[in-house]
Amino acid sequence: MSCDFLALAQPGVQKLSPYVPGKPVEELARELGLDPADIVKLASNENPLGPSPLAIQAIQSALPELTRYPDGNGFTLKQALAERFDVSPAMITLGNGSNDILELITRAFVGPQHEVVFSEHAFAVYPIVTQAVGARAVVVPARNWGHDLEAMAEAITPATRLVFIANPNNPTGTWIGRGELEAFLERVPEEVIVVLDEAYTEYVEDSDMPNGLDYLSGRPNLLVSRTFSKAYGLAALRVGYAMSNPAIADAMNRVRQPFNVNSLALAAAVATLGDVNYLAESRLTNRQGMLQLEEGLQLMGLSWILSRGNFVAVDLGREAAPVFQALLREGVIVRPVANYGMPNHLRVTIGLKRENQRFLEALTKVLASD
Ligand SMILES: *Cc1c(COP(=O)(O)O)cnc(C)c1O
């Protein structure tokens with residue numbers, strides 16, 4: 001009889017369920033025998049514009065150096081980020097996607113004796129990184145689908161080492177205002193690290209929305225995590241970054257892989273950061289697409305959770321899984337979120353105008369046919 005290796009895995013790992021990504025276009029094309037060009041994917045909060053032309057140029061220029069290891073310290077990208085955000089390079093940690101950042105901060109600071117606090121309906125990676133290090137996940141019930149920061153502050157115990165907050169949150173799109181965040185930060189003990197995950201912050205245009213960077217100087221226990229995967233359109237390359245006090249960055253630097261961000265990703269990230277037009281166009285596309293989807297959903301009599309991200313969670317008022325499946329047959333990939341405790345919702349990424357239109361038409365057809 002062969003050995004039961006899963007029984008040998010770390011206890012936290014045994015209880016884990018793997019992250020479920022959005023269905024790839026190629027996979028659905030294979031399954032349905034469709035042309036990939038006829039499939040619309042609005043499932044992973046990707047930027048529908050395609051990458052910045054400057055990113056493509058930068059990658060082409062970097063190609064002849066593929067035999068070399070990347071700059072393990074990411075000097076140029078850190079310089080560019082430091083300038084853009086007025087922080088010192090010593091405060092910056094680069095990650096292979098911000099997913100890497102979430103993992104690094106957890107591995108560097110959290111052990112089996114610790115608790116990690118996060119919200120119900122929050123990003124799926126928080127429970128994964130928590131359980132992977134054997135720590136206890138303390139999941140605080142949501143309020144109106146969003147983070148209940150008061151309850152989260154109350155959930156902090158002497159065993160708490162880390163709190164994850166996503167602002168805006170994925171998959172709900174809910175957001176936390178400045179006053180609420182400040183009141184929360186006031187209540188957090190200094191030895192509890194607050195990870196403020198701002199993966200969608202570039203899309204936010206409200207004046208009441210806090211910018212995590214504004215709180216870094218007074219709060220050595222704050223880490224702000226960001227990514228090039230969403231508004232900057234580089235999801236395939238995997239580049240994220242954290243800004244924190246240098247001591248936290250130092251600890252994360254000790255556990256990271258020596259070359260965790262590859263050279264094409266570094267080059268493309270620097271180029272995209274300098275492309276202000278691209279970011280402006282991403283925002284505009286998102287704003288217009290959000291309106292288009294909201295109008296369409298309203299006409300269908302559906303409700304949704306107000307969102308500040310590049311996606312919206314639509315309430316179907318019934319089990320969403322069969323609707324998700326039927327949409328696939330129409331060549332439209334969205335994201336079921338039952339694994340986030342939201343079995344009646346589908347999360348839809350804001351796409352280009354014609355993609356949003358395809359989704360609305362497919363949803364209308366699917367809902368009418370049963
Ligand atoms: C998409 C997302 C991320 C990061 O993704 P990366 O591609 O790993 O940078 C992080 N947090 C939230 C809440 C997200 O939705």
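Residues numbered from 1 in each chain as written. Predicted model: local features only at pLDDT ≥ 70, side-chain atom pairs only at ≥ 80, totals over all residues. Heavy atoms only, no water.

Where we set the bar: UniProt positions are given in the numbering used here, feature names are shortened, and annotations may be inferred rather than shown by experiment.
Going by an unreviewed UniProt entry, the protein chain carries the name Histidinol-phosphate aminotransferase and comes from Halopseudomonas xinjiangensis. Reading the Cofactor (unreviewed entry) entry of the UniProt record for the protein chain gives the comment "pyridoxal 5'-phosphate". Per UniProt, the protein chain carries the Catalytic activity (unreviewed entry) text "L-histidinol phosphate + 2-oxoglutarate = 3-(imidazol-4-yl)-2-oxopropyl phosphate + L-glutamate".

## Considering the environment of Leu-104
Quick reminder of the rule: In this description a helix means any DSSP run of H or I spanning at least four residues, a strand means any run of E spanning at least two, and both kinds are numbered starting from the N terminus. Residue burial is assigned from relative accessible area. The probe radius is 1.4 Å, only protein chains are included, and a residue is buried under 20% of its type maximum, exposed over 50%, and partly exposed in between. In what follows, residue pairs with any heavy atoms lying within 4.5 Å of each other are defined as contacts.
Summarising the element assignment, Leu-104 is placed in helix H6 (residues 98-109). In this structure Leu-104 comes out as buried when scored by relative accessible area, which is 1%. Counting along the chain gives 56 residues from Leu-104 to Thr-160, while the straight-line C-alpha distance between them is 17 Å. When sequence neighbours within four positions are dropped, the list of residues in contact with Leu-104 reads Thr-93, Leu-94, Met-252, Val-255, Arg-256 and Asn-260.

## Digging into the UniProt feature "domain: Aminotransferase class I/classII large" (unreviewed entry) in the protein chain
If you check UniProt for "domain: Aminotransferase class I/classII large" (unreviewed entry), the listed places come out as residues 38-363 in our numbering. As annotated, residues 38-363 comprises 37% helix and 17% strand, and the C-alpha atoms at either end are separated by 16 Å.

## Comments concerning the sheet that holds strand S4 (residues 136-140)
Put simply, the rule reads: Here, a strand pair is defined by DSSP locating no fewer than two bridges between the strands. Helix axes are fitted only over the stretch in contact, all axes being lines through C-alpha atoms; the angle between N-to-C directions runs from 0 to 180 degrees.
Pairing in this open sheet of seven strands is mixed, and the strands run S2-S8-S7-S6-S5-S3-S4 from one edge to the other. Of all the strands in the sheet, just strand S2 (92-95) and S4 have a single pairing partner and so form its edges. On average, each strand axis in the sheet is inclined to that of its neighbour by 20°, with strand direction left out of account. Here four bridges tie S2 to strand S8 (residues 240-243), and the two strands are oriented antiparallel to one another. Paired with Ile-92 across the strands is Met-243, a residue of S8. Against the sheet, helix H7 (residues 125-132) makes contact with strand S3 (115-119), S4, strand S5 (160-166) and strand S6 (193-197), and its axis sits at roughly 160° relative to S5, the strand it touches most.

## Thoughts on the packing of aromatic side chains
A ring pair, where both rings are aromatic, is described by two values, the distance of the centres and the angle of the planes. Stated formally: By convention, a stacked pair of Phe, Tyr or Trp rings (six-membered ring in the case of Trp) has centres within 6.5 Å and planes under 30 degrees apart, an edge-to-face pair has planes over 60 apart, and any other such pair is tilted.
One pass over the full model with this rule turns up nine aromatic pairs. Both rings, one in Phe-123 and one in Tyr-126, keep their centres 5.7 Å apart while their planes meet at 80°; by these two values the pair is edge-to-face. Considered together, Phe-123 and Tyr-126 belong to a single accessibility category, that of buried residues. Between the aromatic rings of Tyr-126 and Phe-164, the centroid separation amounts to 4.5 Å while the plane-to-plane angle is 5°, which identifies the pairing as stacked.

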